[in-house]
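Residues per chain are reported as follows:
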Amino acid sequence: MFPKPLPLLTPNTYEYETLPLVKPTGFREYDARWLFEKEINLMGVQALGLGLGQLLHEMGVKPEIVTGHDFRGYSSSIKHALIIGLMAAGVKVKDIGLALSPMAYFAQFDLDVPAVAMVTASHNDNGWTGVKMGAARPLTFGPDEMSRLKDIVLNGKSEARAGGSYEFVEGFATRYINDLTNRPKLKRKLKVVAACGNGTAGAFAPQVLEAIGCEVVPLDTNLDHTFPRYNPNPEDMKMLHAIAEAVRSSGADVGLGFDGDGDRCGVVDNEGEEIFADKIGVMLARDLSTLHPGSTFVVDVKSTGLFLTDPVLIQNGIKADYWKTGHSYIKRRVKELNALAGFEKSGHFFFNAPIGRGYDDGLVTALAVCDMLDRNPGKSMADLYRALPQTWGTPTMSPHCADEVKYDVVDRVIKRFQALQANGGQVAGQAIRDLITVNGVRVVAEDGTWGLVRASSNKPELVVVIESPVSEARTREMFKAVDDILRENAEVGAYNQTF
């Protein structure tokens, strides 16, 4: 019915135009990412659509799906190739057009459609594409669904079915914006830098913030898929530095930065201090647990240890659950535990009712930050940040490591630390107090200084994060200890950034 995909084809050849290309490593733990043209072609995207349709039928899900695409030069064509495959599999497609990922998740609820397929490379550099998928709102696929989808697509197990259709949902962005802004305006007058890195969020974030009463200072909000200044990624120090400069020059109360598909939010305080997202999570948990004592918060293993040790959170009786990094993992865990919220160091935040619907939306996060400031009229963002116990942490650092070997490398690193602990060895000059291996390895020294190594779920990289409650010197000592063990593996390359 449709040719079986091949893992490698040469562009600008007859075969490339007549056969589907799908590199197997594009199927990640909880979504799909490929270098367009090098690792997947348009026929390969059709094969993906066919496979996704087949999976929906196997799961017993009503064959209806919402789709949208982010602002990149090739995303629309990829989405339409995906739609062709979905329709051939007998799926009814509702297309909301140019969208943020959370807009597509909202559409599942607003249009009463069970499944979603959002074409986006998120914060990845230009050249990348991908699809975020789900079939049980507000959840997105995890390893089980992705593994089955991979098997269906790569082995040509899709079946053609009748009944597929296409509908373009006109003006859907207005419905999304109205849903976010149908609420009381802020009592406090806030000046807010809205930084979008020329990505998709530039079409939506400024007007949402203005609608709730903010004075908006736009920063790189014009859409430009060449991303002329920097990649729209609020974990990237280049973007954070640009936001900080804009905050200082404008006298803003806070700077808010959104990633390429708008499901993440980064924060800079009124003094231009870049606050890593896990610390923003602690600040929001403090604010929300005052309103909702005894709440549960899910946090990823890259996040600060303050969720367990902060005196305000302890006083408010919160329960902290450290879980696997990844938007699908944390989203699922938030739902399982009926947590009030889930926080990832990458800036994916998940709010359950009464704040959100359980999925990650950078604009909902931005509104939560504004509401926190509104509830603390006598305090600046910097005041709220300074009120936290001090720790010294690194940004997320990612040494290159090929997709084909990165999980093997992490397994070796885990075994190395386990052997070290079993033999009474030390890390960064101290005994190992704990090894957390729910997702990679988080090695904790006696004084609470810790280092994390895990495999990136969406890029050919490892992920390294270090934090110390003692000093910056201890952070650097732990980084050297972790990096020394990483360097025992020849497959580990250079870091994208360090500290």
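Before going into details, it helps to say that this report is about the structure given with it. (Residues numbered from 1 in each chain as written. Predicted model: local features only at pLDDT ≥ 70, side-chain atom pairs only at ≥ 80, totals over all residues. Heavy atoms only, no water.)

Quick look at the pattern of salt bridges now. Applying the stated criterion across every chain yields a total of 41 salt bridges. For Lys-94, the salt bridge is made with Glu-167, and the minimal N-O distance between the two is 2.8 Å. With Lys-94 in strand β3 (residues 92-98) and Glu-167 in strand β6 (residues 165-168), this residue pair connects regions lying 73 residues apart in the sequence. In this structure, Lys-132 engages Asp-261 in a salt bridge whose closest nitrogen and oxygen atoms are separated by 2.8 Å. Here Lys-132, found in strand β5 (residues 128-134), pairs with Asp-261, found in the loop between β9 (254-258) and β10 (265-269); they are 129 residues apart in sequence, far enough to count as distant. Assessed through its relative accessible area of 0%, Asp-261 is described here as buried. Overlapping salt bridges, with partners in common, bring together Glu-58, Arg-148, Asp-151 and Lys-157 in one network. (Salt bridge = Lys/Arg side-chain N within 4 Å of Asp/Glu carboxyl O. Helix = DSSP H or I, 4+ residues; strand = E, 2+ residues; numbered from the N terminus. Buried < 20%, exposed > 50% of the residue type's maximum accessible area, 1.4 Å probe, protein only.)

It is worth spelling out the sheet that holds strand β7 (residues 191-195) at this point. Here we have 5 strands laid out as an open sheet, ordered β8-β7-β9-β10-β11, and mixed in their pairing. The open sheet has two free edges, formed respectively by β8 (215-219) and β11 (274-275), since each of these has just one partner strand. Here β7 runs beside β9; their pairing, made up of 4 bridges, is parallel. Counted as the bridge partner of Ala-195 is Gly-257 from β9. Running at roughly 170° to β9, helix α13 (residues 362-374) makes contact with β7, β9 and β10 of the sheet. (Pairing = 2+ DSSP bridges. Contact = heavy atoms within 4.5 Å. Axes fitted to C-alpha atoms, helices over the stretch in contact; angles between N-to-C directions.)

On to the nonpolar core, then. Within the largest apolar cluster, 69 residues are counted, with the highest numbers of intra-cluster contacts made by Ile-96, Leu-209, Leu-256, Phe-343 and Met-381. Broken down by element, the residue count for this core peaks at 9 residues, all from α13. If sequence neighbours within four positions are ignored, Leu-256 has contacts with Val-192, Val-193, Ala-194, Ala-195, Leu-209, Ile-243, Cys-265, Gly-266, Val-267, Ala-366, Val-369 and Cys-370. (Core = buried A, V, L, I, M, F, W, Y, C linked by side-chain atoms within 4.5 Å.)

Quick look at the packing of helix α2 (residues 42-59) against helix α3 (residues 75-88) now. For the pair α2 and α3, the least separation of the axes is 7 Å and the interaxial angle reads 40°. Considering the angle they form, α2 stands oblique to α3. Crossing hand, α2 versus α3: right-handed. Each of Leu-42, Val-45, Gln-46, Leu-48, Gly-49, Leu-50, Leu-52 and Gly-53 in α2 lies in contact with α3, whose residues at this interface are Ser-77, Ile-78, Ala-81, Leu-82, Ile-84, Gly-85, Leu-86 and Ala-88. Of the residues that constitute the contact of α2 with α3, the class distribution is 11 nonpolar, 5 polar and no charged. (Parallel < 35°, antiparallel > 145°, perpendicular 65-115°, else oblique. Left-handed = near helix turned anticlockwise from the far one by under 90°. Nonpolar A, V, L, I, M, F, W, Y, C, P; charged D, E, K, R; others polar.)

Tracing the sequence through the fold places Leu-149 in helix α5 (residues 143-154). Assessed through its relative accessible area of 0%, Leu-149 is described here as buried. Residues Leu-149 and Gly-127, spaced 22 residues apart in sequence, show a C-alpha to C-alpha distance of 23 Å. Among residues more than four places away in sequence, those in contact with Leu-149 are Phe-27, Leu-48, Gly-51, Leu-52, Leu-55 and Met-133.

Before going further, it helps to spend a moment on the environment of Lys-38. The residue Lys-38 is located in the loop between β1 (32-35) and α2 in this model. Given a relative accessible area of 62%, Lys-38 falls into the exposed group. When the C-alpha atoms of Lys-38 and Lys-23 are compared, they prove to be 8.7 Å apart, with 15 residues separating the residues in sequence.

Here we take up helix α16 (residues 472-486). For α16, with 15 residues, the first-to-last C-alpha span of 21 Å sits near the 21 Å given by 1.5 Å per residue. Looking at α16, one finds that the buried residues are Arg-474, Thr-475, Met-478, Phe-479, Ala-481, Val-482, Asp-483, Ile-485 and Leu-486. (Expected span 1.5 Å × (residues − 1).)

One pass over the full model with this rule turns up 0 disulfides. Free of any disulfide, Cys-370 has its nearest neighbouring cysteine sulfur in Cys-214, separated by 4.0 Å. (Disulfide = S-S within 2.5 Å.)

One pass over the full model with this rule turns up 14 aromatic pairs. In textbook terms, an aromatic cluster arises when at least three aromatic residues are bridged by ring pairs, as seen for Phe-297, Phe-307, Phe-343, Phe-349 and Phe-351. When the ring centre of Tyr-329 is taken as origin, the NZ or CZ atom of Lys-324, which lies over that ring, is 5.2 Å away. Over the aromatic face of Tyr-105 sits the side chain of Lys-331, whose NZ or CZ is 4.5 Å from the ring centroid. (Phe/Tyr/Trp six-rings, centres within 6.5 Å; stacked < 30°, edge-to-face > 60°. Lys NZ or Arg CZ within 6 Å of the ring centre and 35° of its normal.)

Cis geometry marks the peptide bond from Arg-137 to Pro-138; its omega dihedral reads 5°. Topologically, Pro-138 is positioned in the loop between β5 and α5. Non-glycine residue Asn-12 carries a positive phi angle of around 60°. Its relative accessible area of 79% is what places Asn-12 among the exposed residues. A positive phi angle, near 50°, is found at Asn-338, a position not held by glycine. Following the sequence through the fold, Asn-338 ends up in the loop between α12 (327-337) and β14 (341-343).

Purely geometric numbers; function is a separate question.
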